[in-house]
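As a plain string of letters, each chain reads:
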Amino acid sequence: CAVILTRLATRDLHKPISILFCNLAVSDLFTSFSGFWISVLFITNPDITIFGSRDMLAPYALYTTSILSTIYNLVSIGIERYLAVARSMRTRFRVARNHSIAVVFIGWLLAFFLGCLPLLGWNCLRAERSISVLYSPFCVDYLVFITLPNVVLAFLVPLFTYLRIIIVLRRRKLRMQACGQATGTYKSAETQVARTSISIWLLALVSYAPFLAGVIFDATNQRCHTDLYPGVYIFRNCTAMLITITCLGNPLLYTLKLSQLGAKLKALRCLSANRVRACTI
């Protein structure tokens, strides 16, 4: 919420990357909200989160939609950063504000379509043959269809884009060294990109890899719910907590530094105070 408010209140939204940052914060907000919804259902009626119920379709669909939107945002940010760095090298394509808005719209449209497929009929409320043990009443084939390609997308595309950014910066630094010019800026940028990309990778690995492992276990498992209780469901809750940690980590990684975010919030507070004082006078 702090990221969204600061992005909307300041003039950063004229930049294409700021639109993607703000949209990523919206996706993380939806993920947290849907996770809270599922937690409330678990507290009030734990059986429906274990054995499945029609009441779980809507929160699970919103949860899936928000996670998919987050993945598409992370991929879009990596591609935008690569195009911004490589613009002066091989390509003349420049990412504009309209391009970012179109990417945001297409990402949400695709996320809503894939996430709401269980609401449109792809669920196992009646057919219990392929019902998911961890996420009932979702079907196992739906979870495999959604999880495997999107998690691979979340790992491979950022890996390619950030590695290419580091390679481009390294080549520029070598050219500057060959010309006898200073290369401190490129060396600092290369170090910063390397640190950020490693942090992004570790955060994605910690959050999405256990979820992927749970889906694979769900697809290969042949036992019923009662045989797996409570250990497997504790693991499922831990994967949900890791995804929530991702929602907290993304603003810190993609909004530069926490101190800068705090400075913007302080500036907004001073601005609002000055407006109130002026209106009083």
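Now for a quick tour of the structure. If you're wondering where the values come from, they're calculated on a predicted model, not measured in any experiment.

About the thresholds
Residues numbered from 1 in each chain as written. Predicted model: local features only at pLDDT ≥ 70, side-chain atom pairs only at ≥ 80, totals over all residues. Heavy atoms only, no water. Phe/Tyr/Trp six-rings, centres within 6.5 Å; stacked < 30°, edge-to-face > 60°. Core = buried A, V, L, I, M, F, W, Y, C linked by side-chain atoms within 4.5 Å. Buried < 20%, exposed > 50% of the residue type's maximum accessible area, 1.4 Å probe, protein only. Helix = DSSP H or I, 4+ residues; strand = E, 2+ residues; numbered from the N terminus. Contact = heavy atoms within 4.5 Å. Expected span 1.5 Å × (residues − 1). Bend = angle between axes of the 7 residues up to and from the residue. Disulfide = S-S within 2.5 Å.

A short note on the packing of aromatic side chains
Where two aromatic rings form a pair, the distance of their centres and the angle of their planes describe that pair.
So, step 1. One pass over the full model with this rule turns up nine aromatic pairs.
So, step 2. Aromatic ring contacts, followed pair by pair, group Y60, W122, Y135, F138, Y142, F145 and F211 into a single cluster.

Details of the nonpolar core
So, step 1. Core analysis: the biggest nonpolar cluster contains 37 residues, and Y135, F138 and Y142 have the highest contact counts within it.
So, step 2. Elements represented by at least two residues in this core include exactly α2 (16–44), α3 (46–51), α4 (57–86), α5 (97–115), α6 (140–178), α7 (184–220) and α9 (231–254).
So, step 3. Among the elements that line this core, the one with the most residues is α4, at seven residues.
So, step 4. Discounting chain neighbours no more than four positions away, the residues touching Y142 are T64, L114, G115, L117, P118 and W122.

Regarding α9
So, step 1. The end-to-end C-alpha distance of α9, which contains 24 residues, comes to 35 Å, matching closely the 34 Å that a straight helix rising 1.5 Å per residue would cover.
So, step 2. Approximately 30° is the largest bend angle found in α9, and it occurs at L248, with the proline P251 only one to four residues beyond.
So, step 3. If you check which residues of α9 are buried, you get V232, Y233, R236, T239, I243, T246, C247, G249, N250 and Y254.

Regarding the state of the cysteines
So, step 1. All chains considered together, the criterion is met by one disulfide.
So, step 2. Between the sulfur atoms of C124 and its disulfide mate C139 the distance is 2.0 Å. Looking along the S-S bond of the C124-C139 disulfide, the torsion reads about 125°, which is the right-handed sense. In this pair, C124 sits in the loop between α5 and α6 while C139 sits in the loop between α5 and α6, placing the two residues 15 residues apart along the sequence.

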